[in-house]
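# Breakdown of the fold
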Amino acid sequence: MTNVDQRDQGAIRRFDEVNLSQHSLISVKERVTDADLNWTVTYSLNGRDYNVSCRGLPDYGSPHGIDTDVSAAIINLFIEFGCPEDDTISVTAYQLLKSAGLHINGQNYTNLRLSLMRLEGTQYVISRTWRDATRGRWTSSTFRYLDKVAFTGQSAEEVDEQSLIRVTLPRDVTASIRAGYLKPLHLPFMQSLKRPPTRALYRLLDAQRIDPEHPERRIGAFEVKLMDWAQACKLNSDRPDMIRRALAPAHKELVERGVLTSVEYTGRGQKQTVTYVFGEVAAPPDPRIVAALMQGGVTRPVAEKLAREFSADAIEEAVALHTALLKDGYKARSKGGLLVDVVRNPGKYQAPSSYRSPQDTATRQEDAERARQREEQATQRRLQEDREALDAAPPEQRVEATFKMILMYVRKALNLTELDILQRAILDGTLNGQEVLKSLTTAAAQQRLAEVTNELRRTLQQL
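Residues numbered from 1 in each chain as written. Predicted model: local features only at pLDDT ≥ 70, side-chain atom pairs only at ≥ 80, totals over all residues. Heavy atoms only, no water.

## So, the overall build of the chain
Worth spelling out the cut-off: Only DSSP runs of H or I covering at least 4 residues are called helices, and only runs of E covering at least 2 are called strands; the numbering of each starts at the N terminus. Categorising residues by exposure relies on relative accessible area from a 1.4 Å probe, with only protein chains included: less than 20% of the type maximum marks a residue as buried, more than 50% marks it as exposed, and the intermediate range marks it as partly exposed. Note on contacts: a residue pair qualifies if any of its non-hydrogen atoms lie within 4.5 Å across the two residues. Each accessible area value is a Shrake-Rupley result obtained with a 1.4 Å probe; residue values ignore everything except the protein chains displayed when judging cover.
Helix and strand counts for the chain come out as 18 helices and 16 strands. Per-residue burial for the chain yields a buried fraction of 49% across its 463 residues. Put simply, of all contacts in the chain between residues at least 6 apart along the chain, 66% involve residues at least 24 apart. When the accessible surface of the chain is summed, it comes to about 22100 Å², and 47% of that surface belongs to carbon and sulfur atoms.

## Quick look at helix 5 (residues 171-178)
Stated formally: Note that the arc is defined by the directions from the helix axis to the C-beta atoms.
Among all positions of helix 5, only Val173, Thr174, Ser176 and Ile177 are buried. On an axial view of helix 5, the arc spanned by its buried residues comes to 155 degrees, and they lie on one face. The positive-phi residue at the C-terminal boundary of helix 5 is Gly180, with phi of around 80 degrees.

## So, unusual backbone geometry
Phi is positive for Asp87, which is not a glycine, with a value near 60 degrees. You can see Asp87 is positioned in the loop between helix 2 (67-80) and strand 6 (88-92). Judged by its relative accessible area of 4%, Asp87 falls in the buried class.

## Details of the pattern of salt bridges
Where side chains of opposite charge bring their charged atoms close, a pairing between them can arise. Note the following rule: When a carboxyl oxygen of Asp or Glu lies within 4 Å of a side-chain nitrogen of Lys or Arg, that pair is called a salt bridge.
Enumeration over the complete set of coordinates arrives at 20 salt bridges. Put simply, Asp87, Arg171 and Arg178 are held in one network by salt bridges that share partners.

## Quick look at the packing of aromatic side chains
Threshold: Centres within 6.5 Å are what make two rings of Phe, Tyr or Trp a pair, Trp counting through its six-membered ring; a difference in plane orientation under 30 degrees is then read as stacked, over 60 as edge-to-face, and the rest as tilted.
Tallied over the full model, the rule gives 10 aromatic pairs. Measuring from ring centre to ring centre gives 6.3 Å for Trp39 and Tyr124, while their planes differ by 55 degrees; the resulting arrangement is tilted. Of this pair, Trp39 sits in strand 4 (residues 38-45) while Tyr124 sits in strand 7 (residues 123-132), and the two are 85 residues apart along the sequence. Like Tyr124, Trp39 is buried. Seen in terms of ring centroids, Phe189 and Tyr202 are 5.6 Å apart; in terms of plane orientation they differ by 55 degrees. Their pairing is tilted. Of the two residues, Phe189 is situated in helix 6 (residues 187-192) and Tyr202 in helix 7 (residues 196-208); the sequence distance between them amounts to 13 residues. Across the pair, Tyr202 and Phe189 agree in class, each one buried. An aromatic cluster is built from Trp39, Tyr124, Trp130, Phe143 and Tyr145, whose rings are joined through pairwise contacts.

## Some points on the environment of Val173
As for its placement among the helices and strands, Val173 is situated in helix 5. It is 8.3 Å that separates the C-alpha atoms of Val173 and Tyr145, two residues lying 28 residues apart in sequence. If near-sequence neighbours (up to four positions away) are discounted, Val173 is found in contact with Glu17, Leu20, Trp130 and Phe143.

## Description of the nonpolar core
This is how it is decided: Here, nonpolar core means buried Ala, Val, Leu, Ile, Met, Phe, Trp, Tyr and Cys residues that are tied together by side-chain atoms lying within 4.5 Å of each other.
Core analysis: the biggest nonpolar cluster contains 77 residues, and Leu116 and Trp229 have the highest contact counts within it. Examining the composition of this core, we find that 8 residues originate from one element, helix 2, more than from any other. Setting aside anything within four residues of it in sequence, one finds Trp229 in contact with Leu45, Leu201, Leu204, Leu205, Gln208, Phe222, Val224, Leu247, Val274 and Tyr276. One finds Tyr409, Leu419, Leu431 and Leu456 within the second-largest nonpolar core, a separate group that totals 21 residues.

## Quick word on the sheet that holds strand 8 (residues 137-143)
Note the threshold: Strands pair, by our definition, only if DSSP identifies at least two bridges between them. Lines fitted to C-alpha atoms define the axes here, with helix axes fitted over just the stretch in contact, and angles between the N-to-C directions of these axes take values from 0 to 180 degrees.
Pairing within the open sheet is antiparallel, and its 4 strands lie in the order 4-5-7-8. Of all strands in the sheet, those with a lone pairing partner are strand 4 and strand 8, marking the two edges. Within this sheet the neighbouring strands show an average axis-to-axis angle of 20 degrees, counted without direction. Sheet topology note: the strand 4/strand 5 (residues 48-55) ladder contains 8 bridges and is antiparallel. Looking at the pairing, Asn38 lines up with Arg55 of strand 5.

## A look at the packing of helix 12 (residues 312-327) against helix 13 (residues 335-344)
To keep it simple, the criterion reads: Working definition: roughly parallel below 35 degrees, roughly antiparallel above 145 degrees, roughly perpendicular at 65 to 115 degrees, and oblique for all remaining angles. Handedness of a helix crossing follows the sense of rotation of the near helix relative to the far helix, less than a right angle counterclockwise being left-handed and clockwise being right-handed. Side-chain classes are defined by residue name, with Ala, Val, Leu, Ile, Met, Phe, Trp, Tyr, Cys and Pro counting as nonpolar, Asp, Glu, Lys and Arg as charged, and the others, Gly among them, as polar.
It is at 9 Å that the axes of helix 12 and helix 13 come closest, and there the two elements cross at 135 degrees. Taken together, the axes of helix 12 and helix 13 lie oblique to each other. Judged by the twist between their axes, the crossing of helix 12 over helix 13 is right-handed. Between helix 12, through Ile315, Ala318, Val319, Leu321, His322, Leu325 and Leu326, and helix 13, the contact on the second element is made entirely by Lys335, Leu338, Leu339, Val342 and Val343. Its residues assigned to classes, the contact of helix 12 with helix 13 comprises 10 nonpolar, 1 polar and 1 charged.

## Considerations on the sheet that holds strand 6
Across the sheet, which stays open at both edges, the 3 strands sit in the order 6-10-9 with antiparallel pairing between neighbours. Unpaired on one side and paired on the other, strand 6 and strand 9 (148-151) mark the two borders of the sheet. Adjacent strand axes in the sheet meet at a mean angle of 15 degrees when their direction is disregarded. The pairing of strand 9 with strand 10 (residues 164-168) spans 4 bridges and is antiparallel. Note on strand 10: the bridge partner recorded for Val149 is Val167. Against the sheet, helix 16 (residues 416-427) contacts strand 6, strand 9 and strand 10, and its axis sits at roughly 155 degrees relative to strand 10.

## Thoughts on the packing of helix 17 (residues 433-445) against helix 18 (residues 449-461)
Between two packed helices, what matters for the description is the angle formed by their axes and the separation of those axes. As a packed pair, helix 17 and helix 18 sit with axes 8 Å apart at the nearest point and diverge in direction by 155 degrees. Classed by the angle they form, the pair helix 17 and helix 18 counts as roughly antiparallel. Residue-level contacts link Val436, Ser439, Leu440, Ala443 and Ala444 of helix 17 to Leu449, Val452, Thr453 and Leu456 of helix 18. Among the residues making up the contact of helix 17 with helix 18, the classes are represented as 7 nonpolar, 2 polar and no charged.

## Side note on the side chain of Ser262
Topologically, Ser262 is positioned in strand 15 (residues 260-266). Among all residues touching Ser262, those that are not within four sequence positions of it are Thr275, Tyr276 and Val277.

Take a look at the structure:
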């Protein structure tokens, strides 16, 4: 499983929760009809039988279109904010649109509100295929993508550039995230795909590459019955020609972009099967693993190839054994060549006394402490980068950038109404945003953040 604290040189990695991605609860359709509002699907993928029900809201429909982008962004913002204990995050509408890779314009602010309503209002029932990663058991789950949504705006039915949004994720999902039941998600690449159906299909296909009981394992090809695949994609049709026609544009773009090398249909009628062969773009190598291999003397192309072929755990074991062998005096003609051979043939080498498995409890605790320190350092680097970006930003962008940084300090302590008052006070000049930020930054360094936040709250109450 994946550690949510992992970072690549301070850059935040992007993830997808395995249950959500494998069940593909969001339709690959760009638009839905009344027939898509409530559905129950039963299908088989990779030898596992799925039974999923959905009950949408008549005024909004069931999740589709940009909901793939918004839901993925919310999961990653939740991780980026440190998985808050109350399962709740607060962001600006601008920040959420930007994180989702959507254009900042009036139409998308409207689309964002509709998406949040669908994600909050639609209820799913998953029978016996929700993986409880903490206990290692298959369970059933009834939940919504978002347990609660609140936002500010000019009116009760409007989200705009000044709106603040507070969302609470369901406990089943946040428990899974905290347990590390995650898979890497090439989010910038997904967001670069042209149409929402293509992005939704990319997310679903990428999820089928892994074994849900062993998420570190990946496959190079995937075969599925066409009618089962239609159910998985939430395509409300029993006509094979209509299903193939609906999938064709997404297939074309995914092949052109290198996610797939081929899509092949065999058989006739409803007995057809479809085989997907994945390209290298579909499996971006873990940058943390690539860096570890390169530090051991492996060239980047070879490191990226190994990172695609072997699990992160296997490579971490090999790197630890390689380090111990060299420390023990093992003579290698090539440091990098030795590491490649240890990865591919670990049984050839006897572990010296200095070897410590990365999976040992003591080693994990030390790694966790180092990860915590790296996280703190990464946070400080991000804050410093944000300050530098703030100094360089045009005047019209500084208020938004300043408030985003302030949110990092006060998003847990202030409620949504207080945050809205704070944002408006900064926008209209009642409060100097940079002075507020400076006081919070200083307070955090002096471990007085709670005290200064309470003073800020009292100030806001007087406005």
